[in-house]
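Examination of the molecular architecture
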Amino acid sequence: MNKEELLLEIDNLSVTFGKGHRAFRAVDKVSLSLKKSEVLAVVGESGSGKSVTMMALMGLLPDSAAITADKLMFGGQDLQALSTRAKRQIIGKDVSMIFQDAMSSLNPSFTVQMQIGEVLKTHLGLRGAAVQQRILDLLNLVEIPDAKNRMEVYPHQLSGGMSQRVMIAMALACEPKLLIADEPTTALDVTVQAQIMELLARLQRETHMAMVLITHDLGLVAENAHDVAVMYAGQVVETSVVPDIFRQPAHPYTEALLQAIPELAVGESRLHSLPGVVPSQYDRPAGCLLSPRCPYKQDRCGTPPSMQISAHGLVRCIHATLPKRHEGSQP
Ligand SMILES: Nc1ncnc2c1ncn2[C@@H]1O[C@H](COP(=O)(O)OP(=O)(O)OP(=O)(O)O)[C@@H](O)[C@H]1O
Ligand SMILES: [Mg+2]
C-alpha cells in the first residue's frame, strides 16, 4: 500500500488498565490503517478491545489507562509528538466519534441547538446567525424533519433514532476527515437501525470522509466496508479486504464468525459460534489466545503467533497457510 494515501496509521498500540499483578492489557499491539475516503470495519466479540482501541486514539480513556504505540499517525501528523492543545485541534475536528448509545451521550440539560452550537463555536469559531444557519443545515443533512422546531428541544424529547441523528449531526459539524462510528445502531430497533446505517453510508460516500465502523453485524461489513479488521481478546487476528474475507477467511476465528451467520447480510449477529468464551484477564493462554477454543489447535500453538501475510491481508495464525484447511480437513 502506498503510505502516502494513508489517513490513519496505528502501529503496535497497547492499552493496559491497572498496575502490577492487577494489570490488564485490554489492547495488545494493535496495528490498523485506513486510506482516505475508505471504510474500515472492526469486528470481534464483546470485550475484544474494539472501543478501547478507538478511545485511545481519541484520547478519551481515563488516566488509569497506560497507552503505548510505535506509531499513531493521522493525516501525516504524528499524534504522539503533538502538544495536548494541538492534538485537541485535530481530534474532535478532523476526527470525530459517535457512540452506540446516543441518548446517554447527549447532555440532558442542553437543547439540540446548544449542543451542536457549542461544537461549531469551539472548533470552527462560528458566531451568531452563522451558527444558527449551520445547525439548521446539519439537521437537514441528517434528515431530521421539522428541523427548525427540533433545534429547540431537549434530548429526552427525541426518539432513539432522532437522538442518533443529532449525534451524527454533531459528529459531522466540523466536516471530519475521519468518523469513528462505534456500534452506531446497536441501541436502536431494527427498522431504525437500517435507516441510520443508510444515512451514515450516504453521508460517508457524499462527503468522502473515511470511517471506522465498529460493529457485530457482518451484514453491515459486507455492505459498507472496504477493509475489515477482526479482533480477539485485545489483538487483531486478521485484516483483509471486503468481500474476499467472506469467501476465504484466513483465521479460524474469522471462519467461526462467518459460520455463525447462515446467510450473510441478515440483521444483528452476536458472535458465539465457537465453544467457550473469550479468555478473561486472568486466564489468557500463553500462546495463541484462541487456542483453547480452536478446532485446529496443535502443540505449536503454545507459542504466540506473529502476523503473517495471507491471501487477502494479514493473519495471526500458524495454520492459515495450510492448503487443505479450507477444504474441511483439519491439520
Ligand atoms: N476504563 C476501563 N477500565 C478497566 N477496564 C476497561 C475499561 N474500559 C474497558 N475495559 C476493559 O477492556 C476490555 C475491552 O473493552 P472494549 O470496551 O474495548 O470491548 P469491545 O470490543 O468494544 O466490546 P463491546 O463489543 O462489548 O463493545 C474489556 O475487558 C473491558 O472490560
Ligand atoms: Mg465497544
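In case you missed it, the structure is sitting above this.
Residues numbered from 1 in each chain as written. Chains lettered and ligands numbered in written order. Predicted model: local features only at pLDDT ≥ 70, side-chain atom pairs only at ≥ 80, totals over all residues. Heavy atoms only, no water.

Let's talk about helix H1 (residues 50-58)
Let me state the cut-off plainly: Note on exposure labels: buried denotes an accessible area under 20% of the residue type's maximum, exposed denotes more than 50%, and partly exposed covers the range between, all computed with a 1.4 Å probe on protein chains only. Helix and strand assignments come from DSSP, with helices taken as H or I runs of at least 4 residues and strands as E runs of at least 2, each series counted from the N terminus.
Burial of H1 is extensive: 7 of the 9 residues sit out of reach of the surface. Within H1, burial applies to Lys 50, Val 52, Thr 53, Met 54, Ala 56, Leu 57 and Met 58.

Focus: the layout of surface pockets
Any empty space left between atoms is shown by rolling a water-sized probe over those atoms. Applied cut-off: Cavities and pockets were defined on a 1 Å grid built from protein atoms only: a cavity is a group of points that admits a 1.4 Å probe but offers it no way out, a pocket is an open group of points flanked by protein on both sides within 12 Å along at least five of seven lines, and a lining residue is one with an atom within 4 Å of any such point. Grid points are joined across faces, edges and corners, and a volume is the space filled by probe spheres set on the points. In this classification, Asp, Glu, Lys and Arg are treated as charged, Ala, Val, Leu, Ile, Met, Phe, Trp, Tyr, Cys and Pro as nonpolar, and every other residue, Gly included, as polar.
In this model, the largest pocket occupies a volume close to 780 Å³. In terms of lining, the largest pocket is formed by 27 residues, of which the most central are Met 58, Leu 60, Ile 91, Gly 92 and His 123. Secondary structure elements with two or more residues in the lining of the largest pocket: helix H2 (84-90), strand S7 (95-98), helix H4 (112-124) and helix H7 (160-172). When residues of the lining of the largest pocket are assigned to their parent elements, the largest contribution, 6 residues, is made by H4. Class assignment for the residues of the lining of the largest pocket results in 15 nonpolar, 9 polar and 3 charged. A volume near 550 Å³ is recorded for the second largest pocket. Secondary structure elements with two or more residues in the lining of the second largest pocket: strand S1 (6-17), strand S2 (24-35), strand S10 (227-232), strand S11 (235-241) and strand S13 (313-315). By residue number, the principal contributor to the lining of the second largest pocket is S2, which donates 6 residues. A per-class count over the lining of the second largest pocket returns 12 nonpolar, 7 polar and 7 charged.

Observations concerning the pattern of salt bridges
For the record, the criterion: For this analysis, a salt bridge means a side-chain nitrogen from Lys or Arg found within 4 Å of a carboxyl oxygen belonging to Asp or Glu.
This structure, assessed with the given rule, holds 10 salt bridges. For the salt bridge of Arg 202 with Glu 143, the shortest nitrogen-to-oxygen distance reads 2.7 Å. Of this pair, Arg 202 sits in helix H8 (residues 190-207) while Glu 143 sits in the loop between helix H5 (129-141) and helix H6 (147-150), placing them 59 residues apart in sequence. Glu 206 is the salt-bridge partner of Arg 202, the closest N and O atoms lying 2.9 Å from each other. Taken as a pair, Arg 202 and Glu 206 lie in helix H8 at a separation of 4 residues, close to a single helical turn. For Arg 202, a relative accessible area of 21% gives the class partly exposed. Overlapping salt bridges bring together Glu 143, Arg 165, Arg 202 and Glu 206 as one network.

Considering the packing of H7 against H8
Angle between the axes and distance between the axes: these two values describe a pair of packed helices. To be explicit about the condition: To define axes, lines are fitted to C-alpha atoms, for helices over the stretch in contact only, and angles between the resulting N-to-C directions are given on a 0 to 180 degree scale. Orientation categories follow fixed angle ranges, with anything under 35 degrees roughly parallel, anything over 145 roughly antiparallel, 65 to 115 roughly perpendicular, and all other angles oblique. What makes a crossing left-handed is the near helix being turned counterclockwise from the far one by less than a right angle; a clockwise turn instead makes it right-handed. Contacts: residue pairs with any heavy atoms within 4.5 Å of one another.
Following both chains from N to C, one finds H7 and H8 inclined at 15°, their axes separated by 10 Å at the closest point. It follows that H7 is roughly parallel to H8 by the angle criterion. Crossing geometry of H7 relative to H8 is assigned as right-handed. On the side of H7, the interface is formed by Gly 161, Gln 164, Arg 165, Ile 168 and Leu 172, while H8 contributes Val 192, Gln 195, Ile 196, Leu 199, Leu 200 and Leu 203. Within the contact of H7 with H8, the residues separate by chemical class into 7 nonpolar, 3 polar and 1 charged.

Some details on unusual backbone geometry
Cis geometry is found at the peptide bond from Val 242 to Pro 243, where omega equals 15°. Relative to the elements of secondary structure, Pro 243 occurs in the loop between S11 and helix H10 (244-247). The phi torsion at Glu 143 lies on the positive side, around 60°, for a residue other than glycine. For Glu 143, a relative accessible area of 41% translates into the label partly exposed. Look at His 208: it is not a glycine, yet its phi comes out positive at around 60°. Looking at where His 208 falls in the secondary structure, it is placed in the loop between H8 and strand S9 (210-214).

Function cannot be inferred from these measures alone, as they are strictly geometric.
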